[in-house]
Each structure stands twice: as C-alpha cells, then as structure tokens.
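# Report on the structure
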Amino acid sequence: MHQFTHEVEVLADEVLAYSLHRLKSDPPLDGPLSESQLFDAVGNTITAKGLGGHKALEVFTRVLAKACISTDHPRNLAFIPSAPSEYANLFDLVVGASALYGGSWQEGAGAVFAENQAIRWLSDLAGLPASSGGVFVQGGTIGNLSALVVARAEARKLWPETSRWAIACSKEAHSSISSAAQVMDVDVLAIAPDADGKLRGADVAREIDIFHGSQETRVFAVVATAGTTNLGTIDDLVSIGPVTKERDIWFHVDGAYGLAAMCAPAAREKFAGIELCDSFIVDPHKWLFAPFDACALVYRNPRVAKEVHTQHASYLETLQEEDVWNPSDYAIHLTRRTRGLPFWFSLAAHGTDAYAEAIEKTMEVARAAAEKIRLHPRLQLVRDPELSVVAFTRTGWGSADYQSWSDHLLANQIGFIPPSAHHGQPILRFAIVNPWTKLSDIDLILESL
Ligand SMILES: *Cc1c(COP(=O)(O)O)cnc(C)c1O
C-alpha cells in the first residue's frame, strides 16, 4: 500500500541524512528573518504542481530552518529553552513514522501503557497514591486549564448555589493561570508573595477568608507554583496544602518548569507538600530532556477528571468500556499524538539515575554562574537561584541598554538572552536546563557585560 517509489527512497535518504546531521552536530543558534526577507528567499511554496520533495526539503534546510532559533543551543538561555536527549529526539522519529493514535486504549494500548509508566514515575516522585494518574497534553497552558476545569466541577458539587468562581494564586503565577481564568470566565484572587517571592499558607488563608467574607464569589482552586518561570521560586507548598484541605478547596501545583527537579534527591525537599496536591503539571519539554510538546498532567483522583473531560457521542461509546484507560478522557482534547513517548523512551533507556544527575548538573552550573555574578564588579544578583534560573542586573543600564545588548548577542550568534523584568525593573536571566551548558558558556556571555 505504501508508495515507496525511487523518488521517495532518495528523499528518505536526504531526510534521514539531514536529521542525523542536525542531531550529531552542535546546534546552530540561528535567528529570525522578516516575512519579506523570507518571501524574497523562497517565494510562494504552495503551488498547483508541487515543488517535489527534494526542492521542498531544500527550501526548509537552506532557508526556513535557519530562520528558527535552536532552543537546544547551550547558550540559548531564554524563557525556558529545551534540551531533548539524543534518545528522545531519535525516538520522536519513530513516533513520527508510526501513525500511532494516543487517544484511546483500544487504538494505542502499547503506547498508552508506556506513557502511563512515565506518568507513574512522576506521580511517585510527588508522593501521590497509586490510584493517581494522568495524561500528556500539549503544554502547561492546556494542562493547567484542564485541571482547573475539573477543580471547578468538584466545587460545584459542594456549593451548588454558587454562581461566580475564583482561582487563588500568587501575583507571580504564570500567565497561563489568568488565561485559564479568562477561558473559564472566572475571577483571579492574586495574592502577594513574601519578600522571597514565595506564596505562604498563612497569606493564602487570610486572603481567601477575607474574600469569602466580603462577597458571594467562591475560591474553587488554589494554584501554587513550583518554580516560577521568571526566577524559579517555589511557593511554600507544605503550608499552602493544609489551608486548601481545611476549606475543601482544590490544590493545584503548576510545576511546568520546576517540578522536574523532584527527581534530583538533593532538590526533592524543596517540594515538600507536593504530596498534598489534587493535581500537578510538569513539562518534559522544559527540563526533562524531551522534545516539544509534552506536559504531564497528573490527578490525585483521575476518576473525577474522567467525569468532566470524557466526550460522549454515539461513535465514541464503543471506546468507553469499564476500567479501560483512555487518555482522551483526562483533558481538553480528543485526538492526540502519543507525545509522551519520546520522554518515556529516554527515561526507559537512560534510567532515572541519569535524569537525577543531569538535573543536578544544570543546578550546579546555575549556582556557579550565580557566584560569578556575585563577584562581578558590574553585576548584581536579584536573588540566590532556588533551581536553575539565575536573574541579575547590570549597574547603570536601562531597558534600552539590555535590549541592545541582547540583540547584539544574538546577531553575533553568541547567545540568546532576552531581557525580562522584576518588580517593574529590567533584569537579565539565565534559564539553564541544558546539561551541555558549561561554565565556559556562561563566561563567554559575562565577558560582554
Ligand atoms: C512554561 C510554563 C507554563 C506554560 O507551559 P506551556 O507548555 O508553555 O504551555 C505554565 N506554568 C509555568 C510555571 C511555566 O513555566
């Protein structure tokens, strides 16, 4: 049935050769071009007769790929970059070649089984019970939204009279929480963290009680962040958890970036209290060495998620046998790529010790980078790094200086470090998730400051 003609055979060699070359060599940093520059270079690529595989691949490899910043470059320390292991990337080729459907057990049993073992490892690290479970979704944004929709459904059972709802979280919570609130048409109770940037149980309790005392709107979920995107700060989970239990409020932990560090024994203690959560997320595409795009969404009690997220239709009921695990039933999605498989493969092949070592290595580089910044005559550390984000400022610089330094760094293909802001002031930050980022890379960047 497959039309593997001679032309396809030749293209297969070209595609595999390019892929292997990209995987084996140091990634180029590259950078964006404007739309008109790209159009001048490739023109309109969609034509009635087609370009042919060879030419279309050439358009990609010679022009389009070079107009994309490599997120796995060791001096790409922007936002939260990525650092997929070679095994994970190679297995992504297998996933791409296999036409796997990850929505139901009936269609994807073997793949779903493997994904679930990877989810189990994460939920064991968090200390959730054996009955917990979850699913890989596209990213933390969808993971947070899916969990919060379940949380509200649970709250509606407890307070059926309530007509207006709110999510409580830190003012430093990720933008995806207010995005979820907007989609769900609920309010956000944004609570100030302490001087270290951490949300504390006592503040959460006081703010929620004042809120409930003054109006009809009820808080249905508290979102704590285990590793803020900007500074890597972990909220005080162990004091927040009991506050939610006492008030029958869902406790969700957004660990898209930071919860990866649960697998490093030296860091596990920082997440004390995670075992109290009703749901959590962590993105393997951030700091667990998997390619885009994969977020692990885990529920303490997946049954309640299934009640909320299962789609019902005459053509789907055949999939709903009792005690069958259909990944589609646990988030806002139906058709899904088996996006947890590259992560599973890398974890299965390397073993969990290698994961712990790689995470510890990145945290060590972050600590050493912080030390260099502390000793640097023109730089000030914003805060001691809690995980692997190092934030700092440069004496005498304003926003425009940071931006032009950053533009220069990318233009010269040295690194990609866009400025951020903290308390309204511009800052620079290194987000170190790549075990190939060496201290010599940090030195190279610091030299230009
Ligand atoms: C990155 C991030 C998200 C969003 O995850 P995506 O995968 O980009 O959708 C949510 N929360 C935190 C803390 C993050 O760092």
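Residues numbered from 1 in each chain as written. Predicted model: local features only at pLDDT ≥ 70, side-chain atom pairs only at ≥ 80, totals over all residues. Heavy atoms only, no water.

## Describing the site of the ligand
Taken together, 15 residues form the shell around the ligand, and within it G140, T141, D254, D283 and K286 come nearest. Between a nitrogen atom of the ligand and a side-chain N or O atom of D254, the distance comes to 2.6 Å. Note that an oxygen atom of the ligand is positioned 2.7 Å from one of the side-chain N or O atoms of D283. Relative to its free-state accessible area of 380 Å², the ligand is covered by the protein chains to the extent of 87%. (Near = heavy atom within 4 Å. Polar contact = N/O pair within 3.5 Å; in protein donor to acceptor, adjacent residues only side chain to side chain. Areas by Shrake-Rupley, 256 points an atom, 1.4 Å probe, with all protein chains shown as cover.)

## Side note on the environment of V137
Looking at the secondary structure, you find V137 in strand 1 (residues 133-137). A residue is classified by how much of its surface remains accessible, and V137, at 0% relative accessible area, is buried. Spatially, the C-alpha atom of V137 lies 26 Å from that of I240, the residues being 103 residues apart in sequence. (Helix = DSSP H or I, 4+ residues; strand = E, 2+ residues; numbered from the N terminus. Buried < 20%, exposed > 50% of the residue type's maximum accessible area, 1.4 Å probe, protein only.)

## A short note on the pairing of strand 2 (residues 165-170)
For strand 2, a buried count of 6 out of 6 residues is recorded, marking the element as mostly surrounded by other parts of the structure. Pairing of strand 2 with strand 3 (residues 187-191), which is carried by 5 bridges, proceeds in the parallel orientation. Counted as the bridge partner of C169 is A190 from strand 3. (Pairing = 2+ DSSP bridges.)

## A word on the packing of helix 6 (residues 140-158) against helix 12 (residues 302-309)
With their axes 9 Å apart at the nearest point, helix 6 and helix 12 run at an angle of 95° to one another. It follows from the interaxial angle that helix 6 and helix 12 lie roughly perpendicular. In contact with S146, V149, V150, A153, E154 and K157 of helix 6, helix 12 contributes V304, A305, E307, V308 and H309. Taken together, the residues that form the contact of helix 6 with helix 12 break down as 6 nonpolar, 2 polar and 3 charged. (Axes fitted to C-alpha atoms, helices over the stretch in contact; angles between N-to-C directions. Parallel < 35°, antiparallel > 145°, perpendicular 65-115°, else oblique. Contact = heavy atoms within 4.5 Å. Nonpolar A, V, L, I, M, F, W, Y, C, P; charged D, E, K, R; others polar.)

## Focus on the domain arrangement of the protein
For the protein, the assigned domains read domain 1 (6-30 + 32-68), domain 2 (100-350) and domain 3 (352-447). Look at where the C-alpha atoms of domain 1 and domain 2 centre, and you get two points 37 Å apart. (Domains from an automatic or database assignment.)

## Some words on the pattern of salt bridges
For the structure on display, the rule yields 23 salt bridges. Note that E154 and K157 form a salt bridge whose closest N and O atoms lie 2.6 Å from each other. Of this pair, E154 and K157 both sit in helix 6, 3 residues apart, which is roughly one turn of that helix. With relative accessibility at 21%, the residue E154 sits in the partly exposed group. For R374, the salt bridge is made with E371, and the minimal N-O distance between the two is 3.1 Å. Placement of both R374 and E371 in helix 14 (residues 352-375) is noted, with a separation of 3 residues, approximately one turn of the helix. (Salt bridge = Lys/Arg side-chain N within 4 Å of Asp/Glu carboxyl O.)

## Here we look at the packing of aromatic side chains
The tally for this structure, following the rule as stated, stands at 16 aromatic pairs. Arranged with centres 6.1 Å apart and planes meeting at 70°, the rings of F79 and F416 form a pair that is edge-to-face. In this pair, F79 is assigned in the loop between helix 3 (53-64) and helix 4 (86-97) and F416 in the loop between helix 15 (399-411) and strand 10 (420-422), connecting sequence segments 337 residues apart. Between Y257 and W287, the ring centres sit 5.0 Å apart and the planes meet at 15°, which makes this aromatic pair stacked. Here Y257, found in the loop between strand 5 (250-254) and helix 10 (265-268), pairs with W287, found in helix 11 (residues 284-287); they are 30 residues apart in sequence, far enough to count as distant. Here Y257 and W287 have matching classes, each one buried. Counting every residue linked through ring pairs, the aromatic cluster contains W121, F136, F289, F343 and Y355. Positioned over the ring face of W159 is R218, at 3.9 Å from the centre of the ring. (Phe/Tyr/Trp six-rings, centres within 6.5 Å; stacked < 30°, edge-to-face > 60°. Lys NZ or Arg CZ within 6 Å of the ring centre and 35° of its normal.)

## Some details on the layout of surface pockets
Of the pockets and cavities examined, the largest pocket occupies roughly 1500 Å³. What lines the largest pocket is a set of 48 residues, and nearest its centre among them are R22, L23, D72, P84 and N89. Put simply, the parts of the chain that give the lining of the largest pocket at least two residues each are helix 1 (6-24), helix 3, helix 4, helix 13 (341-350) and helix 14. With 8 residues, the single largest contributor to the lining of the largest pocket is helix 1. Of the residues that constitute the lining of the largest pocket, the class distribution is 24 nonpolar, 13 polar and 11 charged. (1 Å grid on protein atoms, 1.4 Å probe; cavity = no way out; pocket = protein on both sides within 12 Å on 5 of 7 lines; lining within 4 Å. Points joined across faces, edges and corners; volume = space filled by probe spheres on them.)

## Section: the state of the cysteines
Two cysteines joined by a covalent bond between their sulfur atoms form a disulfide. If you walk through the whole model with that rule in mind, you get 0 disulfides. Residue C169 stays outside any disulfide, its sulfur separated by 16 Å from that of C277, the closest cysteine. Relative accessible area serves as the criterion here: at 4%, C169 is assigned to the buried category. (Disulfide = S-S within 2.5 Å.)

## Points about helix 3
Taken as a whole, helix 3 has its buried residues at L57, V59, T61 and V63. Structurally, helix 3 contributes buried residues whose contacts are with helix 1 and helix 2 (35-42).

## Points about the sheet that holds strand 2
What holds strands together in a sheet is hydrogen bonding between their backbones, with the strands either parallel or antiparallel. Spatially, the 7 strands line up as an open sheet ordered 1-7-6-5-4-2-3, and their pairing is mixed. Looking along the sheet, the strands with just one partner apiece sit at the ends: strand 1 and strand 3. Geometrically, the sheet is characterised by an average inter-axis angle of 20° between neighbouring strands, direction not taken into account. The sheet strands contacting helix 6 are strand 1, strand 2, strand 4 (218-225), strand 5, strand 6 (279-282) and strand 7 (295-299), and the helix crosses strand 7 at an angle near 15°. Each of strand 4 and strand 5 is contacted by helix 9 (residues 237-246), which is oriented at about 155° to strand 5, the strand it contacts most.

## Examining the nonpolar core
If you look at the biggest cluster of nonpolar residues, it comprises 59 residues, and the most contacted ones within it are F271, I274, F280, W287 and F343. With 5 residues, helix 5 (residues 105-126) is the single largest residue contributor to this core. Both domains that furnish three or more residues to this core are identified here as domain 2 (100-350) and domain 3 (352-447). When residues no more than four places from it in sequence are discounted, the contact partners of I274 are A126, L128, L237, V253, L259, M262, R268 and F280. If you look at the next biggest cluster of nonpolar residues, it comprises 31 residues, including C169, A180, V223 and C295. (Core = buried A, V, L, I, M, F, W, Y, C linked by side-chain atoms within 4.5 Å.)

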